[in-house]
Amino acid sequence: MEISCRFPGVRRRSRDDCFFFTTVRDPTSRAISAWKNKLAEPDEIFGPLRRMGVTSRLDFDQFLEVCAKWPAWALNHHFMPQNLLLSKPLQAPDLKVFHFESLSDDWHMIADALEVRGAAVRPVLGRANASRRDCSRDAPVSQAARRLLGRIYGDDYETFGYDRP
């Protein structure tokens, strides 16, 4: 959320040759990953989840039920819809939005745009903060979870061109 808050100021001070881009992630796999990384896998329950009233391990459907009870804007940035996190940057006509799932294919376009502007770019795109287990979009998602994902992240599916589960 920090980027969103600072974007207008950065945008006002930017040069004509700046390249503004962001990546978004499939809302379903992002939600599964957040649940695994912040609730299912760690030794302790993530602090923001405790503040939301979560005191014990929850399955994915239960996690979504808790998130759905909160206003989307009040969710921790790990759970907040991406269209809200990026609300200010998305208003910029020159913002390029890339999908996380195809970032390795798109990396050459990003690297070229940055190199043209004088930035040093890594030739290989690295990966950090990966969940311990696969968060595949192909994992079974219950009907209840589909309904909740649509309720919480419906605008993300539409805004960023992802298929609903």
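Residues numbered from 1 in each chain as written. Predicted model: local features only at pLDDT ≥ 70, side-chain atom pairs only at ≥ 80, totals over all residues. Heavy atoms only, no water.

With respect to helix H4 (residues 60-69)
Taken together, the buried positions of H4 are Phe 60, Phe 63, Leu 64, Val 66, Cys 67 and Ala 68. The secondary structure elements touched by the buried residues of H4 are helix H2 (27-40), helix H3 (47-51) and helix H7 (143-160). The opening residue of H4 is Asp 59, an N-cap whose side-chain oxygen sits 3.2 Å from the backbone nitrogen of Asp 61. (Buried < 20%, exposed > 50% of the residue type's maximum accessible area, 1.4 Å probe, protein only. Helix = DSSP H or I, 4+ residues; strand = E, 2+ residues; numbered from the N terminus. Contact = heavy atoms within 4.5 Å. Polar contact = N/O pair within 3.5 Å; in protein donor to acceptor, adjacent residues only side chain to side chain.)

Thoughts on the packing of aromatic side chains
As enumerated under the stated definition, the model contains six aromatic pairs in all. Look at Phe 21 and Phe 98: their rings are 6.2 Å apart centre to centre, the planes differ by 75°, and that puts the pair in the edge-to-face class. With Phe 21 in strand E1 (residues 21-24) and Phe 98 in strand E2 (residues 96-99), the pair connects residues that are 77 residues apart, well separated along the chain. Overall, Phe 98 belongs to the buried group, its relative accessible area being 10%. Summarising the aromatic geometry, the rings of Phe 60 and Phe 63 are spaced 6.3 Å apart at their centres and angled 25° between planes, so their arrangement reads as stacked. With Phe 60 and Phe 63 both in helix H4, this residue pair falls three residues apart, about one helical turn. Using a relative accessible area of 11% as the deciding quantity, one classes Phe 60 as buried. Here the aromatic cluster, defined as three or more aromatic residues joined through ring pairs, consists of Trp 35, Phe 46, Phe 60, Phe 63 and Phe 79. (Phe/Tyr/Trp six-rings, centres within 6.5 Å; stacked < 30°, edge-to-face > 60°.)

Structural notes on the nonpolar core
Counting residues in hydrophobic clusters, the biggest one holds 32 residues, and the most contacted among them are Leu 39, Leu 49, Phe 60, Phe 63, Leu 64, Phe 79 and Leu 149. Setting aside residues no more than four positions away along its own chain, Leu 39 makes contact with Ala 34, Ile 45, Leu 49, Val 54, Ser 56, Arg 57, Leu 58 and Phe 63. Ranked by size, the runner-up nonpolar core spans nine residues in total, among them Phe 19, Phe 98, Trp 107 and Ala 111. (Core = buried A, V, L, I, M, F, W, Y, C linked by side-chain atoms within 4.5 Å.)

Section: H7
With 18 residues, H7 extends only 22 Å from end C-alpha to end C-alpha; this falls clearly short of the ideal 26 Å at 1.5 Å per step. If you check which residues of H7 are buried, you get Ala 145, Leu 148, Leu 149, Ile 152, Tyr 153, Gly 154, Asp 156, Tyr 157 and Phe 160. Those residues of H7 that are buried are in contact with E1, H2, H4, helix H5 (82-85) and E2. A positive phi of about 75° marks Gly 161, the residue just after H7. (Expected span 1.5 Å × (residues − 1).)

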